[in-house]
Amino acid sequence: MDDQPPPPPPDQDTIMADADKIRAKRLAKLGGPSKPAAAAAAATTTGTAGPSPSPAASTPTSSTPTLPQAPSPKPVAQNPFSQLGMAVESKPTSRIHIKPKAANSSGASEDSIEAWEDHTLGAIFRVTLHSDSTRDGHGKLLCFLAGVRSDLEEEQRPIRLSTDILDQAILESASSKSEGKPLDYLLGCWKRVSRLFRATQTKQDPKHEILKEARRLCFSYCIFAATIPDMFGEEVSQGNPLVEHLLLEPENDRGLCHEFLTEAVSRFNEDESVKEVLVGAMEQLSRRLAKMSMNDDFKPYILAMRNFVRYQPLLIALSESPIFLPANIEPQQIETKSLLGPFFRLSPTQGEVALNYFASPQTIAKDAVSNCQNALRMTLQTHQDELFDIADCFIKKSKNSREKMLNWFALTVNANHKRRALQVDAKTVSTDGFMVNITVILDRLCEPFMDATFSKVDRVDVDYLRRSPRVDISDETKINADQKDSDAFYSTKVPGTDNFITEVFFLTVAAHHYGTEAANTKLSSLQREVKHLQKQLKQMEPERHKYASNPAQLAVFDDHIRKAKDRLDKGLCTIMATEGVLLDEVAQARSMQFMRYVIVWLLRLVSPGINFPRSPLQLPLPQQQPEAFKNLPEYFLEDIVDNFKFITSKMPLIITSTQSEELMMICIVFLRSSEYIKNPYLKSGLVTILYHGVWEVRGHKKGVLGDALFAHKFATKHLLHSLMKFYNECESTGAHTQFYDKFNIRYEIFQVIKCIWPNPIYRENLATEARVNLDFFVQFVNLLLNDVTFVLDESFTAFTQIHELSKVLKAPADDMDTNARTEVEEKLSAAQSKAKSYMQLTNETVAMLKLFTEALSDSFTKAEIVQRLAHMLDYNLDALVGPKKASLKVENPQDYGWDPKQMLSEISDVYLNLKDKELFINAIATDGRSYRHEHFTTAQTIMQRFALKSTEQLQEWARLADRIKVAQEEAELEEADLGEIPEEFTDPLLATLMEDPVILPTSRTVIDRSTIRSHLLSDPNDPFNRVPLTIDQVVPDTELKNRIQEWKSKMLTEKLAERAAASANEAMDTS
C-alpha cells in the first residue's frame, strides 16, 4: 500500500461546495482549549492545546489533492471557531525571520527544533510539503500536501510542518486515501506518534509538547474517521468502523492499542461521542459473535472484550449499555441479544461443533472419542478462563458494574426455570453450553471464600432470601414447607444488607440447578432417545426390500432412513460432547468443592448452637426444625444429590478424603433425621451416593467412601440406624412406582451394609439397637421377611415359566403356527427378563437375611415374626428340594445369576443361625403347609454331595431336623388332645387358639396380640374397620386369657389322664 502512487485528486468544485459544512462539523468535534504555547524558543510559531485552525487560503493552482478551503483568500487567516459562535482570542501576527542565506526552504537550521518538528511530523503522518520528496528514510511512500503548501506560500510562512497546521495536514492526507481508508491510516499514525511520545524523557523537553499535540490531534481525527467518515469523503457505513480494528491484535498498526484506549478513556468527560463509538463497537461485535460458534474464528472477539474491560471507564460504559441487561427478554434470547450472552454461548455442545469434533459417531472408536473429548475440554477450559477474566473485571472494577453483572447472572437463572421441567422445549430456554459456562464462572467467583477451614461460611446469610433477593424462588418447591407456609414465611421481610459472598453463593446454587444438573438430566434423556432411535433403525433397515419394486416408495423410505441416521449422528455427537464437558475433572472438582461448602452451610443451619465443623454434630437433629431450612428451595439438597451421584458413579477418583467426610455426614444426617426432608426421592438419592461410594475403584477396594463409612466415628455410631430407618420408610414413597422403587433402594442399602459389616462395632451397635429400640427393629425384620418372600416367589415363578415355555418351544405341537410360536417366544423373553431382574435382588436379600439372623437371632424369634420366617423358609426349601424342584431347572442359569445349590446353602445357613431357638423350632414344626421331614434329609444329601457345608454343619443340620420332627409330633399330639377349639377362643384371622387375647379399641374385636402386632408391622390400621391403630392402643383381655389357659390346661390334663389309664390297662392285659 505504501509503494502505490497517490490517487487522482477529487473534483475541485465538489470540494469547494462542501467546504463550509465539513469544516464546521470537524471543528465542532475538535474543540479544545485555545491557550497558546510556544513550540520552541528559536521560533515564534503558535500552538494550542486544542486544535489549531489553519489559515484560509486561495484555491491552489497545483493539481495535487488539496483540502477544502474557504472560497475567498485573505492575507490573515480568520479563526474558524468564530464561525461556530465561539470566543476567539487575538492571535499575534506571524513573523517571518529572514536570514541572509537560507539553509533550506523551511527557514530553520537542520538541528533546530523547527526542523525536528517538520521531520518528525512528516515521519509520523507520512506526509511532505515537497513534491520531489516521495519516500521517507525507511522507504515508505509520503503524501504530498499540496493544499497545505499552497496556504503556507500564500501566507509567506516557512514551508515546514508544525502543530499549528497539523489538523489541516491530517485532513488532507487522510482524505487523499494514499494509505487506504482514513481510519486505517490514522491508526497507523497513532501507533507511530505514541511510540515517540513514550520515548520522550521529560515533560520540559519542547519535543514533548509537540508530540503531545500531535498525539491529541491524531486521536481526535481517529474518532472523526469513525464517527464522521463523510468528513474525509467516505460514505457512511451501516456498521461501526471500529469493530474490525477491535478484532485485530493491539500491536497491529490497524489495531486499538493500550495507549489508544487509555486516551479514549481520558476523553470521556469532554466528548461523549468517544464513549458512544467504542461501546457501539463492542455492541456490534457482540451481535456478530452471536452468529458464530466454536467452529469459527471466535478468539479475536474474546480478546477484544478482555482488552476492553481492563479499562474501568470503558467497562462501566459497557455495563450501562441498554443491551447489557435487556428488559423483557426471552430465555432463549439471553445468549444472543444480551451483551455478554454470545461470549458465554460458545461451547462444544453446540450441534455443529459437536459434529465437527466427532466424525462418524456411529463407528468411532472409544480411544478416538476419549482423545476428542480431551481436546474439547482443553478448548473449553481456555475459553472458560477467558470468560472468568471478563466476569471478574466486571465484579472487581466498580460497584455499579458488579451490581449489573450480578443482575445479569440472576437473569440467566431466573429466566430458565423451565430447564428443570419434566418436558423441556429447547427452543424456549437457554442452551446447555451457555448455562454450563454460567455455572463454571460462578463456581470460580466463589473460590476466594471457599477455604479449607470454612472460615467465611458464617458470612453466608440465610436471611438473604427474606430481603429482596436477586434469585427468584417463588415457584420453587421447598424442602419441607408447602406453598402457603412458604409464602407466609417470606412475606415477613428482614432488614439488613447483603454482602457479595451471600449474593454469589445463592446465585451459584441456583446456577447449578438450572445449569450443570439440568444438562446432566438432559443428557440422560438424550441417551434414552438415541437408544430408542437405534432400535427403530435396526427394525426398519431390514424392511427395505419390501419397497424395491416401487421406486417412488423406495425413495421415500431411503429418505426417511437418511433423516433418521442424521438425527442419530447428531444425537450421538451431542452426547459425546456433553459427556466431554461434564466429565471435565477440573470443573467438576471445583463444583464439588462448592457443594462441600453448601453441605457444611446446610449442616450448620439444621444444628443451631453447634459451631460445625469445629464442633461435632449431634444426632438425631432437634425435633423443632429451623423455619429457614424448611423454607429453602428443594434444589439446595437436590444439587448436592445430583452432583455427587454423577461424580461418585462417573468419576469417583476426584473425591478427596476430606470431601468424603462431609459427604458421608450429610447422607447420614438426613437419613437419620429423615423427617427434615419431604421428598423421598431426595432421601433415596442420599442412599445412592453411599451406594456408588462403596463401589470398588482403582486404589480403593471399598470405594471412595468405604473407608469413611467403615471406620469414621460418626458413621459407626449412626450409619446403620440411618439405613435401617430409610429401609422401613421406603416401603411407601407416594409414587405410582413405589412398589418397585423400594426394591432398588433396598438393594443399594444392602450393598452399603455389606461393606461395613466386617467391622464388629456395627454389629455391637446393632445388638444394642435391637434391645433398646425393639419395635423399630422388629419392623425392619418384618419388611426384610416380606422382601425375601416376594423376591424368592417371583424368581421361582419366573424360572418355572422359563422351564415350561422352553419345553414347548423344544417340542412344539404339530398345529403350532408362526404366530403361536411368536407369542410363546415373547412370553419366554418376558419371563427371562423378569428372572434376571429379580434374581439379583433375591441373592442380595437372602444374603442380608443370613447376616442379620447370625448377628441377632433373638430378634428374629419374636412371636410376631418367627412364624412367618419359619413358614417362608419351609416353603422355599420345599421348592428347592421337594418334588417340584425340577421345574426350577433352566438352561444357562448363570445368565440369570441363578445357582440353586448356592441358594440352598444360604437358606440352610438361616436355619442353622436359629437352630437353638425353641420358638423357631416350634414354628417350623407347626407349618402344616410346607414342612416335611424328608426335605431336611434330601437337603442334607445335596449339601454333602456338593460339599456345601462342613461335616460339623451337616451334623448340626441333622440334629436340627430331629428336634423339629420331635416338636412336630408333640404339636400334633397337643392339637389332637385339644380337639375342637371353642369359637370364642379362636383367633379371627388365623383360626388358631389365642394365647394372649387383646381387644381392639374401635372395632372391639378380640384377637391374639401376636397376630395384631404382626399385622400392624405392614398395615397401621385396624383390619376390621380400617381405623388407624397402634399396638399400644389395644386392651388386654385378661379375663378371656385366664379362661383360655384354664380350658387348655383342663383339656390337656384330661387327655393325659386318659392316656395314663390306657397305658395302665394295657400293662395289666399284658401281664
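If you're wondering where the values come from, they're calculated on a predicted model, not measured in any experiment.

1. Overview of the environment of Arg1013
So, step 1. With respect to the secondary-structure elements, Arg1013 resides in helix α38 (residues 1009-1018).
So, step 2. For the pair Arg1013 and Gln779, spaced 234 residues apart in sequence, the C-alpha separation works out to 10.0 Å.
So, step 3. Setting aside residues no more than four positions away along its own chain, Arg1013 makes contact with Asp775, Glu864 and Ile1031.

2. Thoughts on the packing of helix α33 (residues 863-881) against helix α35 (residues 918-925)
So, step 1. Look at α33 against α35: their axes get within 8 Å of each other, and the N-to-C directions meet at 55 degrees. As the angle between them shows, α33 and α35 are arranged oblique. Handedness of the crossing formed by α33 with α35: right-handed. Facing α33, whose interface residues are Val866, Gln867, Leu869, Ala870, His871, Leu873 and Asp874, α35 presents Leu919, Phe920, Ala923 and Ile924.

3. Some details on a nonpolar patch on the surface
So, step 1. Side chains of Leu989, Leu990 and Phe1024 sit close together on the surface and give an oily, nonpolar patch of about 260 Å² of accessible area.
So, step 2. One can find Phe1024 in the loop between α38 and β7 (1035-1036).
So, step 3. In this structure Phe1024 comes out as partly exposed when scored by relative accessible area, which is 35%.

4. Side note on the state of the cysteines
Such a bond, covalent and formed between the sulfur atoms of two cysteines, is termed a disulfide.
So, step 1. Inspection of the entire model under this criterion finds zero disulfides.
So, step 2. Unpaired in terms of disulfides, Cys222 finds its nearest cysteine sulfur in Cys218, a separation of 4.4 Å.
So, step 3. Judged by its relative accessible area of 1%, Cys222 is buried.
So, step 4. Cysteine Cys257 is unpaired, with the sulfur of Cys222 as its nearest cysteine sulfur at 9.4 Å.

5. Side note on the nonpolar core
So, step 1. Ranked by size, the top nonpolar core spans 292 residues in total, and within it Phe125, Leu278, Trp408, Phe409, Trp601 and Phe670 carry the most contacts.
So, step 2. The leading source of residues in this core is helix α31 (residues 774-810), at 17 residues.
So, step 3. If we skip the residues at most four places from it in the chain, Phe125 touches Leu166, Ile170, Ser173, Tyr185, Cys189, Ala214 and Cys218.
So, step 4. Among the nonpolar cores identified, the runner-up in size contains eight residues, and Leu978, Met994, Trp1047 and Met1051 belong to it.

6. Side note on the packing of helix α29 (residues 738-756) against helix α32 (residues 818-855)
So, step 1. It is at 10 Å that the axes of α29 and α32 come closest, and there the two elements cross at 50 degrees. Relative to α32, the element α29 is oriented oblique. As α29 runs across α32, the sense of the crossing is left-handed. From α29, Tyr740, Phe743, Tyr747, Phe750, Gln751, Ile753 and Lys754 reach across to α32, where they touch Tyr838, Gln840, Leu841, Glu844, Thr845, Met848, Leu851 and Phe852.
So, step 2. Considering only residue class, the contact of α29 with α32 consists of 10 nonpolar, three polar and two charged.

7. Describing the UniProt feature "coiled-coil region" (unreviewed entry) in the protein
So, step 1. Mapped onto this numbering, the UniProt entry annotates "coiled-coil region" (unreviewed entry) at residues 516-543.
So, step 2. Helix makes up 89% of residues 516-543 and strand 0%, with an end-to-end C-alpha separation of 41 Å.

So, how was this worked out
Residues numbered from 1 in each chain as written. Predicted model: local features only at pLDDT ≥ 70, side-chain atom pairs only at ≥ 80, totals over all residues. Heavy atoms only, no water. Helix = DSSP H or I, 4+ residues; strand = E, 2+ residues; numbered from the N terminus. Contact = heavy atoms within 4.5 Å. Axes fitted to C-alpha atoms, helices over the stretch in contact; angles between N-to-C directions. Parallel < 35°, antiparallel > 145°, perpendicular 65-115°, else oblique. Left-handed = near helix turned anticlockwise from the far one by under 90°. Patch = residues over 30% accessible without salt bridge, like charges linked within 9 Å, V, L, I, M, F, W, Y side chains within 5 Å. Areas by Shrake-Rupley, 256 points an atom, 1.4 Å probe, with all protein chains shown as cover. Salt bridge = Lys/Arg side-chain N within 4 Å of Asp/Glu carboxyl O. Buried < 20%, exposed > 50% of the residue type's maximum accessible area, 1.4 Å probe, protein only. Disulfide = S-S within 2.5 Å. Core = buried A, V, L, I, M, F, W, Y, C linked by side-chain atoms within 4.5 Å. Nonpolar A, V, L, I, M, F, W, Y, C, P; charged D, E, K, R; others polar. UniProt positions renumbered as here; feature names shortened; annotations may be inferred.

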